[in-house]
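# An overview of the molecular structure
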Amino acid sequence: MKVFSAEQLYNADKVTIEKQGITSEALMERAGKQIFQWLHKHLNGAPVPIRIFAGIGNNGGDGLVIGRLLIEHGYDVVVYVVNCSDKRSDNFLLNYNKIKNVTKNWPILMKSEADFPKINDDDFIVDAIFGIGLNRCPGGWVKKLILHLNQSKAFKLAVDIPSGLYPNLPIEDKNAVLKADHTITFQTPKLAFFLPETAAYVSNFDVLEIGLDIQFLQSVEPLAQLIAKPQAQLFYKQRNKFDHKGTFGHVLIVAGSYGKLGAAVLSTKAAFKAGAGMVTTFIPKCGYNILQTTVPEAMVITDKEEEFISDIAFDFKPSAIAIGMGIGKNTATVEALKKVFQNKDTPFVIDADALNIISENKTLLKLLPKNSVLTPHPGELKRLIGTWENDYHKLEKAKKFSEKYKVVLIIKGAYTVIVYGSKLYINTTGNPGMGTAGSGDALSGIIAGLLSQGYDALLAAVFGVYLHGKAGDIAGAHLGIDAVMAGDIINNVSEAYLELFKIDEPEKSITNTTK
Ligand SMILES: NC(=O)C1=CN([C@@H]2O[C@H](COP(=O)(O)OP(=O)(O)OC[C@H]3O[C@@H](n4cnc5c(N)ncnc54)[C@H](OP(=O)(O)O)[C@@H]3O)[C@@H](O)[C@H]2O)[C@@H](O)CC1
Ligand SMILES: Nc1ncnc2c1ncn2[C@@H]1O[C@H](COP(=O)(O)OP(=O)(O)O)[C@@H](O)[C@H]1O
Ligand SMILES: [K+]
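An unreviewed UniProt entry annotates the chain as Bifunctional NAD(P)H-hydrate repair enzyme originating from Aequorivita vitellina. The UniProt entry for the chain carries the following comment under Subunit (unreviewed entry): "Homotetramer."

This part covers the overall build of the chain. Regarding its fold elements, the chain presents 17 helices and 18 strands. The globule rule puts the C-alpha radius of gyration for 515 residues at 24 Å, and the 26 Å found for the chain is close to it. In the chain, buried positions account for 48% of the 515 residues. Long-range contacts, defined here as pairs at least 24 residues apart, represent 75% of the contacts in the chain between residues at least 6 apart.

Take helix H15 (residues 457-479) next. Along an α-helix, residues three or four apart share an orientation, since each turn contains 3.6 residues. When the terminal C-alpha atoms of H15 are compared, their 32 Å separation across 23 residues agrees well with the 33 Å that a helix rising 1.5 Å per residue should span. Here H15 lies mainly inside the structure; 18 of its 23 residues are buried. Looking one or two residues past H15, Gly480 carries a phi angle of roughly 85 degrees, positive in sign.

It is worth spelling out the nonpolar core at this point. By size, the foremost hydrophobic cluster in this structure holds 154 residues, and its most contacted members are Ile253 and Val254. Per element, the largest residue contribution to this core is 11 residues, and it comes from H15. Two domains each put at least three residues into this core: domain 1 (2-220) and domain 2 (230-500). If we ignore the near neighbours within four places in the chain, the residues touching Val254 are Phe282, Ile309, Ile312, Ile321, Ile323, Ile327 and Val340.

Close to ligand 1 lie 33 residues; Gly57, Asn58, Asn59, Gly131 and Gly133 are nearest. At the level of secondary structure, the elements contributing two or more residues to the shell around ligand 1 comprise helix H1 (6-20), helix H2 (24-43) and helix H3 (58-72). Take the shell around ligand 1: its biggest share by element is 5 residues, from H3. Residue composition of the shell around ligand 1, grouped by class: 17 nonpolar, 11 polar and 5 charged.

Read from one edge of the open sheet, 11 strands run S1-S9-S18-S17-S16-S15-S14-S13-S10-S11-S12, paired in mixed fashion. Only two strands of the sheet have a single neighbouring strand rather than two, namely strand S1 (2-3) and strand S12 (299-302). Examined bridge by bridge, strand S9 (residues 224-227) and strand S18 (residues 423-427) share 3 bridges and lie parallel to one another. The residue of S18 that forms the bridge with Gln225 is Tyr425. The strands that helix H8 (residues 261-274) touches are strand S10 (250-254), strand S11 (278-283) and strand S13 (320-323); relative to S11, the one it contacts most, it runs at about 170 degrees.

A few words on the pairing of S18. Taken across its 5 residues, S18 has 4 buried, putting it largely inside the fold. Connecting strand S17 (residues 417-420) to the next strand, S18, in antiparallel fashion are 2 residues, including Gly421 with a positive phi near 60 degrees.

So, on to the packing of H15 against helix H17 (residues 493-500). Interaxial distance between H15 and H17 falls to 8 Å at its minimum, and their mutual angle equals 105 degrees. Classed by the angle they form, the pair H15 and H17 counts as roughly perpendicular. Across the interface between the two elements, Leu467, Lys470, Ala471 and Ile474 of H15 pack against Val493, Glu495, Ala496 and Glu499 of H17.

For the rest of this paragraph, the subject is the site of ligand 2. As a matter of local geometry, ligand 2 sits amid 19 residues, with His377, Lys412, Ala414, Gly430 and Gly440 nearest to it. Contributing elements (two or more residues each) for the shell around ligand 2: helix H14 (439-452) and H15. Top element by residues in the shell around ligand 2 is H14. It accounts for 4 residues. Class assignment of the residues belonging to the shell around ligand 2 gives a composition of 6 nonpolar, 11 polar and 2 charged.

On to the UniProt feature "binding site: K(+)" (unreviewed entry) in the chain. Taking the numbering used here, the UniProt-annotated feature "binding site: K(+)" (unreviewed entry) corresponds to Asn59, Asp127 and Ser163. Taken together, the annotated residues stretch across 105 residues yet fold into one region, lying no more than 9.3 Å apart by C-alpha. Inspection of the secondary structure puts Asn59 in helix H3. The exposure class assigned to Asn59 is buried, which follows from the 26 C-beta atoms found within 10 Å. Discounting chain neighbours no more than four positions away, the residues touching Asn59 are Ala128, Ile129, Phe130, Gly131, Gly133, Val159 and Asp160. With respect to the helices and strands, the residue Asp127 is situated in strand S5 (residues 124-128). Note on Asp127: 30 C-beta atoms within 10 Å, which makes it buried. Non-local contacts of Asp127, meaning those with residues more than four positions away in its chain, are made with Phe53, Lys156, Leu157, Ala158, Val159, Pro162, Ser163, Leu178 and Ala180.

Let's shift gears to the domain arrangement of the chain. Domain parsing of the chain yields domain 1 (2-220) and domain 2 (230-500). Taking only C-alpha atoms into account, the centre of domain 1 sits 42 Å from that of domain 2. On the domain 2 side, the residues contacting the 7 residues of domain 1 number 6 residues. Grouping the amino acids of the side of domain 1 that touches domain 2 by side-chain chemistry returns 5 nonpolar, 1 polar and 1 charged.

The topology assignment puts Tyr258 in the loop between S10 and H8. Each residue touching Tyr258, except ones within four places of it in the same chain, is listed here: Pro284, Cys286 and Glu307.

This part takes up unusual backbone geometry. Residue Asn44 is not a glycine yet carries a positive backbone phi of 50 degrees. Turning to its location among the elements, Asn44 is positioned in the loop between H2 and strand S2 (49-54). In this model, Lys406 sits at a positive phi of 55 degrees, which is unusual for a non-glycine residue. Position of Lys406 relative to the elements: it lies in the loop between helix H13 (391-405) and strand S16 (408-411).

Our next topic: the UniProt feature "binding site: AMP" (unreviewed entry) in the chain. This chain's UniProt record puts "binding site: AMP" (unreviewed entry) on Lys412, Gly413, Ala414, Tyr415, Thr416 and Gly440. Sequence-wise these annotated residues cover 29 residues; spatially they are packed, their C-alpha atoms never more than 14.4 Å apart. Sequence-distant contacts of Lys412, defined by excluding residues within four places in its chain, comprise Thr375, Pro376, His377 and Gly440. By secondary structure assignment, the location of Tyr415 is in the loop between S16 and S17. For Tyr415, a count of 22 C-beta atoms within 10 Å translates into the label buried. Filtering out sequence-adjacent residues up to four positions away, Tyr415 remains in contact with Phe194, Ile426 and Asn427.

What counts as what
- Residues numbered from 1 in each chain as written.
- Chains lettered and ligands numbered in written order.
- Predicted model: local features only at pLDDT ≥ 70, side-chain atom pairs only at ≥ 80, totals over all residues.
- UniProt positions renumbered as here; feature names shortened; annotations may be inferred.
- Helix = DSSP H or I, 4+ residues; strand = E, 2+ residues; numbered from the N terminus.
- Rg over C-alpha atoms; globule rule 2.2 N^0.38 Å.
- Buried ≥ 20, exposed ≤ 12 C-beta atoms within 10 Å, placed from the backbone.
- Contact = placed C-beta atoms within 7 Å.
- Expected span 1.5 Å × (residues − 1).
- Core = buried A, V, L, I, M, F, W, Y, C linked by C-beta atoms within 7 Å.
- Domains from an automatic or database assignment.
- Near = placed C-beta within 6 Å.
- Nonpolar A, V, L, I, M, F, W, Y, C, P; charged D, E, K, R; others polar.
- Pairing = 2+ DSSP bridges.
- Axes fitted to C-alpha atoms, helices over the stretch in contact; angles between N-to-C directions.
- Parallel < 35°, antiparallel > 145°, perpendicular 65-115°, else oblique.

Given below as C-alpha cells:
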C-alpha cells in the first residue's frame, strides 16, 4: 500500500470522476456509504446516541451522507453543522438538502461556544469537521469545540483523518487536533498516521477503498510505501535444491566489549536465523568462551586486546559485515573502524557505537562504504544528523543524509522508516514489546544475514526490518509483549519466515495504540 499526499489524492479524485464518468457527489456517496456500512456492522442497530459533527467542506459532506444513511436505518442521530465559514462546498450543500428529506430533526447549526452540546460518556461521536482540506490551524470556538470533544470520554470516530491533523504537515497546536479512538480513512492512510508526533491522534485505523483510479495512483511517486506481508512475500529469495552454505554467504560480526558481549551473541544468532551460511564473530579476547559456548555454530576471532576492539584483522572475504553492537568508543576502536571501512566492496550494517563513533568523528562519514545500511535508534539518529524541528523535518534531513552519503538509513521505532535517497518505506510489523535491550542487535544480525545471502542493501534493510518486527509480534503473541526479550525475537525469526506464506485471516485494523 502506498501513502499519498493531499494534493495527489485531490488529483486522483479528479481523474476518477473523469474516467469513471461519475459525479463528485457520487464519489462522496460511495465514501459515506462505506463508512455507514462499517458503522452498521459494528453497531449492529444498537440504540447508541450518535452525534455527528460536520464541517462545511467535503469532509462535512461525508458526515451528512453518513448521518442520512444512519437515520434511514433507524439509528438515534443528531447532526451538528460546525459552521465555521460561509463558503460551503457544493457537495456539502447537496447533502445538507438531502438529509432534510429523511428527518424532521434538521442539522443543528453551531456558530459559537454557546451552541456546544453536552457530551455523555456513552455517546458515539463522528468527527467530520475537517478532512484533508485543512488549510490552517483551527482557532477560536472551533478549537474550543475540538477541546470539548477531546475532554469527553465518548468514543470518537474520525472520518478520513482526525480534524485538525494535516495529512502530511506538522501539527501547529496540539490542543486543536481531535484525538480519535478510531479513524476510517479513504483509499490510503496518510503520512501523519505513522509518525511519532501525530500517530497518537489517529489511534487504530482502517482504510476503505473508494475506487479511486488505480492507474493514476500507480503513475505518481508516493510519499512513502508501506511494507506489509504482500510486499515482504515478493522480497523473499527462494533456496534452490543444490544451494549450500557457500551460497548463503559468510557474515562477519564485529561486536562486543567487556560487559557487552551479549550484543555479539545476539547479532551472531540473528545472522544465522536470517539464513547466513556461516558467521564469524570478531570480539575482544574476554568474550572467547562466551561466544564459543553460547553460539557453537559460529567461528570466533579475537582482538589482541582483552576488553575492547583495537584492530579488526580477519583472513577471509566476508559477504557482509555488521559492526558496532556494544563495541564502546575506545580511541583504538575508532582507528579500527577507519581501517575496516576500507573493505569498500563489502556490504556493511553499521549500528550502535559504530554510529556514535561516526557522529563524534564526522570525518569518518567520508569513509562510509556506499550502500551501507545504518540502523540508528532516535538518540543515535540525532547525534548523526542533528536535531529536527518535527517529524517531517527529520525525514527531510534523513533523506538528505542518505542521498549525500549513498547509504540506507533505518529510523528505528514504531513504524520504522527505511530511507533510501528520496524514497521512504514504512514498516508495519513490530510492537512496543520490542523496546528491550538487545532488540537492535538482533536487527543488525538479521540484516547482515540477508546481505550475505545476496539481498541488496535496500531489500535487506526493508525485509530485515519486516522480519524482525514480525518475529517480535509472534514473540509478543506467545509471551505477552511485556515479557519479550531480544532472544525471543531471534527465536521467532523462523516463525516469521514461515508466516510469510501462510494464508491470512481477513486484515484487522492497524493499531497505533496497545489498548
Ligand atoms: N478523493 C478524496 O480524497 C475524497 C475525499 N472526500 C472527502 O473530502 C475531504 C476533503 O474535503 P475538502 O477539500 O472540501 O476539505 P475539508 O477537509 O472538508 O475542509 C475544507 C473546508 O474547511 C475549511 N477550513 C480549512 N481549515 C480550516 C480551519 N483551520 N478553520 C476553519 N475552517 C477551515 C475550508 O474553508 P476556507 O479555507 O474556504 O475558509 C473549507 O471550507 C476528505 O477529507 C474526505 O473526507 C470524499 O468525500 C470522497 C473522495
Ligand atoms: N514501539 C515499538 N514498535 C515497534 N518496534 C519497536 C518499538 N520499540 C522498539 N522497537 C524496535 O526495537 C528495536 C530497538 O533497537 P535499539 O533501540 O537499537 O535496541 P538496543 O540498542 O537495545 O539493541 C528497533 O528495531 C525498534 O524499531
Ligand atoms: K475528520
